[in-house]
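# Geometric and topological summary
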Amino acid sequence: MRVSFNWLKEFVETDRSPTELAERLTMAGMEVESVEAIESDGAPDWALDVAVPPNRGDCLSVIGLAREIAAITGAKTRRELPKGGRKTARARSSVQVEIVEPALCPRYSALIVRDLSVEPPPAWMRRRLETSGIRSINNIVDVTNLVMLETGQPLHAFDWDTLTAKRIVVRTARARQPFTTLDGVTRELEGEDLLICDGERPIALAGVMGGSETEVSERTRHVLLESAHFDPLSVRRTAKRLGLHSEASYRFERFVDPEGTVRALERAAALLSEVAGGKAEPGVADCRPGRRPPQVITLRDSRLESLAGAKIEREKTERLLRALGLKIVGRSKGALKLIAPSYRNDLTREADLIEEVIRLAGYGEIPAELPLARHQAKRDRRLEWERQVRSLLLGKGLTQAVNLVFTSATMNRKFPGLWRGTPAPVAVLNPLSQEHAELRLSLLAPLAANLRAHVDQRAAGVSLFEIGKSFSRRCDEKPEERLCLSGLCYGEKLIRGLRRAEPPWSFLDVKGVVEEILELLRLEQEITWSEDQIDSFLHPGKAASLVRGGRKLGLVGEIHPEMAEDLQLPRFFVFELDFEAMLEYARRDFTVHSLPRFPAVERDVALVVKDTFRADQIVQWVRANRQPLIEDVRVFDEYRGAQVGEGMKSLAYKISYRADNRTLTDAEVNEVHQRLVQSLIENFAVRVRQ
């Protein structure tokens, strides 16, 4: 918010320079981004650009900033506007007001000003508006804008002669309908949008912008001034959806003082009499069905000292809180009872008052000391596993991605995730766009979008992983979330240090990464690879699922060619693991063995099997037999070609033999190895490749 320094000095007594004042405001949390020297009415002036926090709507006005300066510096305020209420009590207004939606409009006040003359505004008014970044239009509209800047209460002027029913009704649109705003653009309204109506005819979007049919023009002689309090969420929702943001909506979204509506009307009436010769009717229509009683907040001395880390005297605390406009309604030995002013809706609890006391006392007054507390936090087992897995994948050359949890309905259909049954996506009630209309069912959806960005930049290789939440709806319609681990590999591998170039990513490479994760979690012998339950978005010949006890815990494979074509992406490999479920089975304990005293002896065997034969069947069978001298078995090669015949493949296994108490002889190893090979031939109907 840009505001004139001289204008501020009309409301607060201060001898500080603009630069000093800007520094004090900034240190108290009201950051002044710039101080610009200007000229105002022939005298030097300065424009202060203040970045008002979102929860301090009370400071989006000259009076609000003046109150803040007085509280921070201890200065006195010079003057306040009339409190209002005089006209409401004595006379009846010519306009009737009906609020159909009191939750969206707790208060609506209106005042009629007659016999106006529409002319250019006086020079002083135009300069003040332009200093604040508002374009001058005419004396009537400029008065409403000036009062908004001065008091923080947005006003709107309707041409009284264009109103036919002479009855203001505040209601929702109820159904989709077109509406033409002051800028001449016709917009499509939704049923939840709040409207100001002349009887049944809409004449304004509440808190956002007026309509073109009732705008002030050169022919205007009488106006109806609107001053209301609207629900911030309703105004923000409408302004955001329509892309229609105004100075009024900016303030309504951040809360406007409900007690200031009539006061702003009387200030506007006085200015209209001065610059346009208008005469205000004696009656103010003030409809207020949503009035709420003030909330009493208790501030304990002990709690203030605990959170501040220093003792602040009661007398000083009371002085600082009174400077903010709080009313003390009760005192006890260890606590105060206070009521916040109507313009400070952000003060609702004890912690808010403590923050204000510390802020005004000065953060520099609080000693920088560590609290005397003993840290007894429980070990977060899940976080420890995440760190270990993250370190493993980073070491494998993958880069961690952190994506938003939102995606489109189309991507959710393409990547349904690891949910049991048919997944039901969670829709976002107020999405930023159609590309972010649902919560992701799978982490692969945003990773595919990451790949698109890299491919567009002609990246030769991409290796990404993400640990995060995926979401779905259960049968009872409640949302459910699962922690998942997903990865995507495409093209060339990342070369680091002195490592030589490696071949591009393959299915076996990605499967190897997943196997290392299983080994880290000590699940390599509990989870099996299966060709069943393969998702449709994966290549049927280059995919596998991870299963434990019939429960699917993950997948790995190459993207289906049709899916790659649909996504307009080259072929790539993915894996996705139900990380939360895997942590349920991950072994907390581990066995420690001493280093072997005697060397191991290795033997290789190549077996010719059918093309559909799973290599891990033999590994699992050998481990299950627990032959005393067999230490380990693993696959190290696969061959397909003319030497083994069509529909067949050769799998090569390396088997390690070791004894705990002696060095094995070749004769002993050969005997055990031959018995093992013969058992494999008999149990799996395979033949040894010569």
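See the structure shown above.
Keep in mind the model is a prediction, meaning the values are calculated, not measured.

## A word on the overall build of the chain
- What the chain contains, in helices and strands, is 20 helices and 30 strands.
- Seen through its principal axes, the chain has C-alpha atoms that stretch 115 × 60 × 50 Å.
- Sorting the 690 residues of the chain into buried and exposed places 49% on the buried side.
- Intrachain contacts of the chain at a sequence separation of at least 6 include 69% that bridge at least 24 residues.
- The average position of the 102 basic charges and that of the 101 acidic charges among the side chains of the chain differ by 4 Å.

## Regarding the nonpolar core
- Ranked by size, the top nonpolar core spans 75 residues in total, and within it Leu65, Ile140, Val143, Val223, Leu225, Leu326 and Leu338 carry the most contacts.
- Of all the elements, helix α9 (residues 261–276) adds the most residues to this core, at nine residues.
- Discounting residues that sit within four places of it in the chain, Leu65 has contacts with Met1, Val3, Leu8, Met30, Val50 and Cys59.
- Leu163, Leu205, Val208 and Val235 belong to the second largest nonpolar core, which has 39 residues in total.

## Side note on the packing of aromatic side chains
- Overall, the coordinates contain five aromatic pairs when judged by the stated rule.
- Residues Phe5 and Trp46 carry aromatic rings whose centres are separated by 5.9 Å and whose planes lie at 85 degrees to one another, so their mutual orientation is edge-to-face. Of this pair, Phe5 sits in helix α1 (residues 5–9) while Trp46 is found in strand β3 (residues 43–50), placing the two residues 41 residues apart along the sequence.
- By relative accessible area, which is 3% here, Phe5 ends up buried.

## A word on the sheet that holds strand β15 (residues 296–300)
- With antiparallel pairing, the three strands of this open sheet are ordered in space as β15-β17-β16. The open sheet has two free edges, formed respectively by β15 and β16 (327–331), since each of these has just one partner strand. Across the sheet, the mean angle from the axis of one strand to that of its neighbour is 30 degrees, orientation sign disregarded.
- One ladder, built from five bridges, connects β15 with strand β17 (residues 335–339); its direction is antiparallel. When the bridges of β17 are listed, Ile297 appears paired with Leu338.

## Overview of helix α11 (residues 314–323)
- Those residues of α11 that sit buried are Thr317, Glu318, Leu320 and Leu321. Down the axis of α11, the buried side of the element spans an arc of 165 degrees, and every buried residue falls inside it.
- Phi for Gly325, located one or two positions after α11, is positive at around 95 degrees.

## Some remarks on unusual backbone geometry
- Here Arg458, not a glycine, exhibits a phi torsion of approximately 65 degrees, which is positive.
- Topologically, Arg458 is positioned in the loop between α15 (444–456) and β21 (461–473).
- Positive phi values are uncommon outside glycine, yet Arg626 reaches one of about 55 degrees.
- Assignment of secondary structure puts Arg626 in the loop between α19 (616–625) and β28 (630–639).

## Some remarks on the packing of α19 against helix α20 (residues 666–684)
- Where α19 meets α20, the closest approach of the two axes is 12 Å, and the angle between their N-to-C directions is 120 degrees. In terms of their interaxial angle, α19 and α20 are classed as oblique. By crossing handedness, the relation of α19 to α20 is classed as right-handed. Across from Gln617, Ile618, Trp621 and Val622 in α19, the residues of α20 making contact are Leu676, Ser679, Leu680, Asn683 and Phe684.
- Tallied by class, residues from the contact of α19 with α20 come to six nonpolar, three polar and no charged.

## What about the sheet that holds strand β26 (residues 573–577)?
- One open sheet accounts for seven strands, arranged β18-β21-β22-β26-β25-β24-β23; its pairing is mixed. Strands at the two margins of the open sheet, each flanked by one partner only, are β18 (399–400) and β23 (528–530).
- Strand direction decides the pairing type here: strand β24 (residues 538–548) and strand β25 (residues 551–559), joined by seven bridges, are antiparallel. From the neighbouring strand, Ala544 faces β25, where its bridge partner is Val556.

## Some remarks on the pattern of salt bridges
- In this structure the tally under the stated criterion is 58 salt bridges.
- As a salt-bridge pair, Glu281 and Arg114 come within 3.0 Å of each other at their nearest N and O atoms. Separated by 167 residues along the polypeptide, Glu281 in strand β14 (residues 279–287) and Arg114 in strand β5 (residues 107–114) bring together distant segments of the chain.
- According to the relative accessible area criterion, Arg114 is partly exposed, its value standing at 24%.
- A salt bridge links Arg640 to Glu638; its shortest N-O distance comes to 2.5 Å.
- For Arg640, a relative accessible area of 45% corresponds to the partly exposed category.
- Beyond isolated ion pairs, a larger network of salt bridges with shared partners links Arg56, Asp58, Glu68, Arg344, Asp346, Glu356 and Arg359.

## A word on the environment of Asp346
- In this fold, Asp346 is placed in the loop between β17 and α12 (350–361).
- Residue Asp346 is classed as buried on the basis of its relative accessible area, which comes to 15%.
- In sequence terms Asp346 and Val428 are 82 residues apart; their C-alpha atoms lie 27 Å from each other.
- Ignoring sequence-local partners within four residues, the contact set of Asp346 consists of Asn55, Arg56 and Asp352.
- At 2.9 Å, the side chain of Asp346 and the side chain of Arg344 are in polar contact.

## As for the packing of helix α5 (residues 123–131) against helix α6 (residues 139–151)
- Contact geometry of α5 with α6 gives a least axis separation of 10 Å together with a crossing angle of 55 degrees. With respect to their mutual orientation, α5 and α6 come out oblique. Judged by the sense of rotation from one axis to the other, the crossing of α5 with α6 is left-handed. Across the interface between the two elements, Trp124, Met125, Arg128 and Leu129 of α5 pack against Asp142, Val143, Asn145, Leu146 and Leu149 of α6.
- Taken together, the residues of the contact of α5 with α6 sort by class into six nonpolar, one polar and two charged.

## Things to note about α6
- With 13 residues, α6 extends 18 Å from end C-alpha to end C-alpha; this agrees with the ideal 18 Å at 1.5 Å per step.
- Burial runs high along α6: 12 of the 13 residues are buried.
- Among all positions in α6, only Asn139, Ile140, Val141, Asp142, Val143, Thr144, Asn145, Leu146, Val147, Met148, Leu149 and Glu150 are buried.
- Of the residues that open α6, the one with a side-chain oxygen 3.0 Å from the backbone nitrogen of Ile140 is Asn138.

Rules behind the numbers
Residues numbered from 1 in each chain as written. Predicted model: local features only at pLDDT ≥ 70, side-chain atom pairs only at ≥ 80, totals over all residues. Heavy atoms only, no water. Helix = DSSP H or I, 4+ residues; strand = E, 2+ residues; numbered from the N terminus. Buried < 20%, exposed > 50% of the residue type's maximum accessible area, 1.4 Å probe, protein only. Contact = heavy atoms within 4.5 Å. Lys, Arg positive; Asp, Glu negative; His and termini not counted. Charge placed at Lys NZ, Arg CZ, Asp CG, Glu CD. Core = buried A, V, L, I, M, F, W, Y, C linked by side-chain atoms within 4.5 Å. Phe/Tyr/Trp six-rings, centres within 6.5 Å; stacked < 30°, edge-to-face > 60°. Pairing = 2+ DSSP bridges. Axes fitted to C-alpha atoms, helices over the stretch in contact; angles between N-to-C directions. Arc of directions from axis to C-beta. Parallel < 35°, antiparallel > 145°, perpendicular 65-115°, else oblique. Left-handed = near helix turned anticlockwise from the far one by under 90°. Nonpolar A, V, L, I, M, F, W, Y, C, P; charged D, E, K, R; others polar. Salt bridge = Lys/Arg side-chain N within 4 Å of Asp/Glu carboxyl O. Polar contact = N/O pair within 3.5 Å; in protein donor to acceptor, adjacent residues only side chain to side chain. Expected span 1.5 Å × (residues − 1).

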